[in-house]
Amino acid sequence: MSRPHLYRPLLNRPVPSRRSRTGNATGAALPEIRRVRRVIDLRRTEEVRYARMVTTLRVLVRVAFVAALAGLLLPDPVGPAASAVAVTVVVAAPLLRVAWLAVRWYVRGDRRYAAVAAALLVVVGAGSVVALVTR
Amino acid sequence: MKVPVKVAASTTTFTVGITSAAALIVFAIHGRINLDHAAPVIVGSLVGGRLGARLQARFAPNVVRAALGAVLVVVAGVLFARS
């Protein structure tokens, strides 16, 4: 039996209890009041729901491109520093995307997808730790 | 596997991005990244990625599959010649 999720009140409303269906002593049905921290409207389109993530990633792509161009064209010491920025952004962007989606899926109640994304980040983190240890 | 070629290409790109990021972290920690070479590689990758995405949306799956196969054959030939 699946339990109703706190963050999906629109699609997964709790089944009214027998008492609330039949009413109390006065005959009036008791409404069930639950505290909802955040409401996500799942009826919105994908483009709107992922708009912030898409915008952020586009900005990061442009930053990486400009930094890489600067690294390609500018002399030392600005060039290598810009290249390092570009490499950092290129590394961070996909990990940021996975982390973003993991949080989003967790909040939406897609726990399995969130777990897979978190596991992916754990693998990357474990690789980083191993690299640090064996440096 | 009956996976649409556009879905396969997108999934491959995502997978390669994650694994490359993980590998790049290890290389960076070990100080084995040549920043002089990194800049042109990043510029080429970003330009090629955007160009490829636009072309992929414009052409039919068969054309995309043939082009992808041709590119992979060329890459394999280059790697074989270098080795």
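None of the values given here were measured: they were computed from a predicted structure.

(A) The arrangement of the overall build of chain A in detail. Across its full length, chain A holds five helices and zero strands. Element order for chain A, N to C, with α for helix and β for strand: α-α-α-α-α. Taking all 135 residues of chain A together, 12% fall into the buried category. Put simply, of all contacts in chain A between residues at least 6 apart along the chain, 40% involve residues at least 24 apart.

(B) Just the interface of chain A and chain B, in detail. On the side of chain B, 18 residues touch chain A, which itself brings 25 residues to the contact. Breaking the side of chain A that touches chain B down by element, the ones donating at least two residues are α3 (51-73), α4 (78-108) and α5 (111-133) of chain A. At ten residues, the largest contribution of residues to the side of chain A that touches chain B is made by α4(A). Class assignment of the residues belonging to the side of chain A that touches chain B gives a composition of 20 nonpolar, four polar and one charged.

(C) Spatial organisation of the nonpolar core. Ranked by size, the top nonpolar core spans 13 residues in total, and within it Ala64(A), Ala67(A), Ala68(A), Ala86(A), Val90(A), Ala39(B) and Ile42(B) carry the most contacts. Secondary-structure elements contributing two or more residues to this core are α3 and α4 of chain A together with α2 (35-58) of chain B. The element best represented in this core is α4(A), accounting for six residues. Those residues within four positions of Ala39(B) in sequence are excluded, and the remaining contacts are Ala68(A), Gly71(A), Leu72(A), Ser83(A) and Ala86(A).

(D) Local environment of the confidence of the model for chain A. Summing up the model confidence of chain A, the mean pLDDT is 78 and the portion of residues at 70 or higher is 67%. Mean pLDDT in chain A bottoms out at helix α1 (residues 18-22) of chain A, which sits at 52, and peaks at α3(A), which reaches 91.

About the thresholds
- All residue numbers refer to positions counted from 1 along the written sequence of the respective chain.
- Here every chain gets a letter starting at A, and every ligand a number starting at 1, in the order they are written.
- Only residues with pLDDT of at least 70 get local features here, since the model is predicted, and only at 80 or more are side-chain atom pairs given and counted; chain-wide, interface and lining totals rely on the full set of residues.
- The secondary structure listing takes helices from DSSP runs of H or I that are at least 4 residues long and strands from runs of E that are at least 2 residues long, numbered from the N terminus.
- Here the C-beta atoms are placed from the backbone, and a residue counts as buried if at least 20 other C-beta atoms lie within 10 Å of its own, exposed if 12 or fewer do, and partly exposed otherwise.
- Our contact criterion uses C-beta atoms placed from the backbone: two residues qualify when those atoms are within 7 Å.
- When residues are grouped by polarity, Ala, Val, Leu, Ile, Met, Phe, Trp, Tyr, Cys and Pro land in nonpolar, Asp, Glu, Lys and Arg in charged, and all others, Gly among them, in polar.
- Remark: nonpolar core denotes a set of buried Ala, Val, Leu, Ile, Met, Phe, Trp, Tyr and Cys residues whose joining runs through C-beta atoms within 7 Å.
- The predictor's confidence in any single residue is recorded as pLDDT, a number from 0 to 100.

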